[in-house]
Amino acid sequence: MRITTLPEQDQHALGRELADLAVAMGPTWLLDAPILLPRPADFPDQWRPDLDGAELMLERLLTFAGLGDAPFTIDAYENDEALLAGLTGWHRTAGAAAFFAGRSDDGALKFGLDVRQLDDPESLSGVWAHEVAHAFRHVHGLAVADQELEEELTDLTTIALGFGCLTTNNAWRLRRSAELSGASVRTETRTQ
């Protein structure tokens, strides 16, 4: 196993970003945040593969992030290029699983969700975790203009919020299945 070390300059930058998060979250929260996993103990609600189920999961993650009192909306779409074209940043790409688009005029947090995500609650938990981290950074004035850097800092924020396992599980997924039919076995391997 090869272990790489960040250059000293990057270590200092990472330390500064963690310090900003600690100020926004409060030092005890940063140290005591529960680590959420895609399991019933952390998501006890019965999963429903519809927008109500997605809303309930988003509400739970917003609560864990300290944003549970904030009103929010979800725009549902299925690879809606017109909707995505009106967004900024990485989310403008057709095929975005979900997005956070700031606040509406009445102060509600605005989210969007590609309804194809409803088929996989484990994946959706990671998608929502990332978007909730965007919302957290926005609400606390931590978002930066550099879009690539903001995405990296959003991933760092997911870890600080205790969502790191949810988002890293979505980085690369391998699923294998096998089906026995008479004397033969059919196997399938899928990566995402």
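Since the structure is predicted, the reported quantities are computational estimates derived from the model, not experimental observations.

Draft legend 1. Representation of the overall build of the protein chain within the structure. Looking only at helices and strands, one finds seven helices and five strands in the protein chain. Reading the protein chain from its N end, one meets helices and strands in the order α-α-α-β-α-β-β-α-α-α-β-β. Counting only residues that meet the buried cut, the protein chain has 35% of its 192 residues in that class. On the protein chain, roughly 11,400 Å² of surface is accessible, and the fraction owed to carbon and sulfur atoms is 52%.

Draft legend 2. Here's a closer look at the pairing of strand 2 (residues 98-103). Of the pairings in the sheet, the one linking strand 2 to strand 3 (residues 109-114) comprises four bridges and is antiparallel in character. Across the sheet, Ala98 pairs through a bridge with Leu113, a residue of strand 3. Hairpin connection of strand 2 to strand 3: five residues between the antiparallel strands, including Gly107 at a positive phi of 95°.

Draft legend 3. Structural context of the packing of aromatic side chains. Throughout the structure, instances matching the rule amount to four aromatic pairs. Pairing Phe111 with Trp128 gives two aromatic rings, centres 5.8 Å apart and planes at 85°, and the pair type is edge-to-face. Linking Phe111 in strand 3 with Trp128 in helix 5 (residues 121-139), this pair joins segments that are 17 residues apart in sequence. We note that Phe111, like Trp128, is buried.

Draft legend 4. Examining a negative patch on the surface more closely. Among the surface-exposed residues, Asp146, Glu148, Glu152 and Asp155 lie close enough to one another that they form a single negatively charged patch. Relative to the helices and strands, Glu148 resides in helix 6 (residues 147-160).

Draft legend 5. Region of the structure containing the sheet that holds strand 3. Judged by pairing direction, the sheet is mixed, and its three strands sit side by side in the order 1-3-2 without closing on themselves. Here the strands that pair on one side only, and so sit at the sheet edges, are strand 1 (72-77) and strand 2. Taken over all neighbouring pairs, the strand axes of this sheet differ in orientation by 20° on average, direction set aside. Summarising the sheet, strand 1 and strand 3 pair through six bridges and their orientation is parallel.

Draft legend 6. Local environment of the side chain of Thr158. Along the chain, Thr158 turns up in helix 6. Thr158 sits in the buried class, given a relative accessible area of 0%. With residues up to four places along the chain from it excluded, the contact list for Thr158 reads Ala129, His130, Ala133, Phe163, Gly164 and Thr167.

Draft legend 7. Summary view of helix 1 (residues 8-25). Relative to the 26 Å expected for 18 residues at 1.5 Å per residue, helix 1 spans 25 Å between its end C-alpha atoms, a close match to the ideal helical length. Where helix 1 is buried, its residues touch helix 2 (27-32), helix 5 and helix 6. Following helix 1 by one or two positions, Gly26 has its phi on the positive side, about 90°.

Calculation rules
- Residue positions within a chain follow its written sequence, with the count starting from 1.
- The model is predicted, so local features are restricted to residues of pLDDT at least 70 and side-chain atom pairs to those at 80 or more, both for listing and for counting; the totals for chains, interfaces and linings are taken over all residues.
- No hydrogens and no water enter the side-chain calculation; it runs on all heavy atoms of the structure.
- Labels follow the DSSP assignment, with helices taken as runs of H or I lasting at least four residues and strands as runs of E lasting at least two, numbered in each case from the N terminus.
- Throughout, exposure labels follow a simple rule: accessible area from a 1.4 Å probe, protein chains only, divided by the maximum for the residue type, with under 20% read as buried, over 50% as exposed, and the rest as partly exposed.
- To be clear on the numbers: accessible area is Shrake-Rupley with a 1.4 Å probe, and residue cover counts the displayed protein chains and nothing else.
- Two strands qualify as a pair provided DSSP detects at least 2 bridges between them.
- Ring pairs are drawn from Phe, Tyr and Trp, using the six-membered ring of Trp, whenever the two centres fall within 6.5 Å, and their geometry is named by plane angle: stacked under 30 degrees, edge-to-face over 60, tilted for the rest.
- Within this analysis, patches are made of residues with over 30% relative accessible area and no salt bridge. Like charges are joined at 9 Å or less; nonpolar side chains (Val, Leu, Ile, Met, Phe, Trp, Tyr) at 5 Å or less.
- Each reported salt bridge corresponds to a side-chain nitrogen of Lys or Arg within 4 Å of a carboxyl oxygen of Asp or Glu.
- We score Asp and Glu as negative and Lys and Arg as positive, and we do not count His or the chain ends.
- Think of each charge as sitting on NZ of Lys, CZ of Arg, CG of Asp or CD of Glu.
- Note on definitions: angles span 0 to 180 degrees between N-to-C directions of axes, and those axes are lines fitted to C-alpha atoms, for helices only across the stretch in contact.
- Working rule for contacts: check all heavy atoms of both residues, and any pair within 4.5 Å makes them a contact.
- Each helix should span, by expectation, one fewer than its residue count multiplied by 1.5 Å.

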